[in-house]
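Residue strings, one per chain:
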Amino acid sequence: MTRQSPILLVLLCLCMVPPGESCSKEPGDFVLVDYPQLLERKQQWQQQDPKNRPEYDAMMQKADRVLGLEPLSVIHQSITPPSGDERDYYSIAPYWWPDPEKEDGLPWIRRDGRVNPDTQGANSDHDVTLQFFNRVNSLGMAAFYSDDTQYSDAAIELLKAWCIDPTTRMNPHLEYGQGVPGLYDGRCFGIIEWLKIEQLLIPIHLMWANEMIPEPTYREVVKWMEDYLHWLQFSEKGKQEGTRLNNHGTWYDVQVATILLFLGKNDEARELLESVKTKRIATQIEPDGRQPHELARTKSFTYSKMNLSAFMRLAKLGDKVGVDLLGYETPDGRSIRKAEAFLNSYGKGKKKWEYPQL
């Protein structure tokens, strides 16, 4: 068993809570992971079973490293969004560079697959968002497995700063994600930068189910997620991202379906996941398993794997609401399994990748 297994075991653990209602905190509320199995693992670790101790210690050490650190916020970055509101998420498209033939470099030009270092770190809210997800995940998981409230208290402070405090909370939208200087204040493609949102939702529900998070705080976080979901589904940029026929569209579906399940909107999630058959599988995967929209990129293998990962996540989500995506195949033979087999045929040096890969 790898050291990441505590997270992997609950990777899709989302409590079904209808908005405005209290979670019953019963194991049955956890529809995407075997909650009794989590409790069994927790009991084994708390009994200090020697064979599990190294894994438990590694998890706790990870949490200890972020315990006591200052809360994170988008307002702490060195950049100012085009709106002038520091609470707006802002990032710059990573594959865009200043035009060397222009004195001011504007507008920037695209170099697919080549990351501009000036779009990273303090010049973007992407990195601080990933830190936020990781810290809440580490602290929340440590709180769940150890029953030590110092970890849940620290996670709660992070959530308050990011979602609740009016001076530091992020506005629940990505209007200014992946902007391009001289061209766009923001683009729909910035939505993919939040594809790991399940790392945030998992510990929130684990802490809630174990009565480690105050109900007012929980409700405020749920409201933030409701507002963010509304933006994803009904804003111009959100709707644009949903129409992308590559990994952006697939990961958009993952993100929306995950939040829907987090909010207890099972029927909406089921409807979205059912649409993956015709909207994604039938249009993004060839009968031989190739993913042509990814193969057109300069990092074709990287993006093919990334898109397949999104399909696998959708399949796991589908399993929990009665939608069989992994077993689905179009009449002409397109399927997630075919995409998996195609990439596996190139694994471990079996044969040389024939497409561009920087």
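Just above sits the structure.
Keep in mind that this is a model prediction, so the values were computed, not measured. (Residues numbered from 1 in each chain as written. Predicted model: local features only at pLDDT ≥ 70, side-chain atom pairs only at ≥ 80, totals over all residues. Heavy atoms only, no water.)

## With respect to the pattern of salt bridges
Item 1. The full count for this structure, using the stated rule, is 18 salt bridges.
Item 2. Here R313 makes a salt bridge to E198, at a shortest N to O gap of 3.6 Å. Placement of R313 in helix α12 (residues 300–319) and of E198 in helix α6 (residues 198–209) is noted, with a sequence separation of 115 residues between them.
Item 3. According to the relative accessible area criterion, E198 is buried, its value standing at 8%. (Salt bridge = Lys/Arg side-chain N within 4 Å of Asp/Glu carboxyl O. Helix = DSSP H or I, 4+ residues; strand = E, 2+ residues; numbered from the N terminus. Buried < 20%, exposed > 50% of the residue type's maximum accessible area, 1.4 Å probe, protein only.)

## Thoughts on α6
Item 1. With 12 residues, α6 should reach 16 Å at 1.5 Å per residue; the first-to-last C-alpha distance of 16 Å fits that figure.
Item 2. Most of α6 is tucked away, with 12 of its 12 residues classed as buried.
Item 3. What α6 keeps buried is the set E198, Q199, L200, L201, I202, P203, I204, H205, L206, M207, W208 and A209.
Item 4. Against the buried residues of α6 lie α2 (35–46), α4 (126–146), α5 (149–164), α7 (215–234), α9 (247–262) and α12. (Expected span 1.5 Å × (residues − 1). Contact = heavy atoms within 4.5 Å.)

## Regarding the packing of α9 against α12
Item 1. The N-to-C vectors of α9 and α12 enclose an angle of 25°; their axes lie 9 Å apart at closest approach. Looking at the two axes, α9 sits roughly parallel to α12. Crossing geometry of α9 relative to α12 is assigned as left-handed. The segment α9 lies against α12, with N247, T250, W251, D253, V254, A257, T258 and L261 engaging Y303, M306, N307, S309, A310, F311, R313, L314 and L317.
Item 2. Here the residues of the contact of α9 with α12 sort into 10 nonpolar, five polar and two charged. (Axes fitted to C-alpha atoms, helices over the stretch in contact; angles between N-to-C directions. Parallel < 35°, antiparallel > 145°, perpendicular 65-115°, else oblique. Left-handed = near helix turned anticlockwise from the far one by under 90°. Nonpolar A, V, L, I, M, F, W, Y, C, P; charged D, E, K, R; others polar.)

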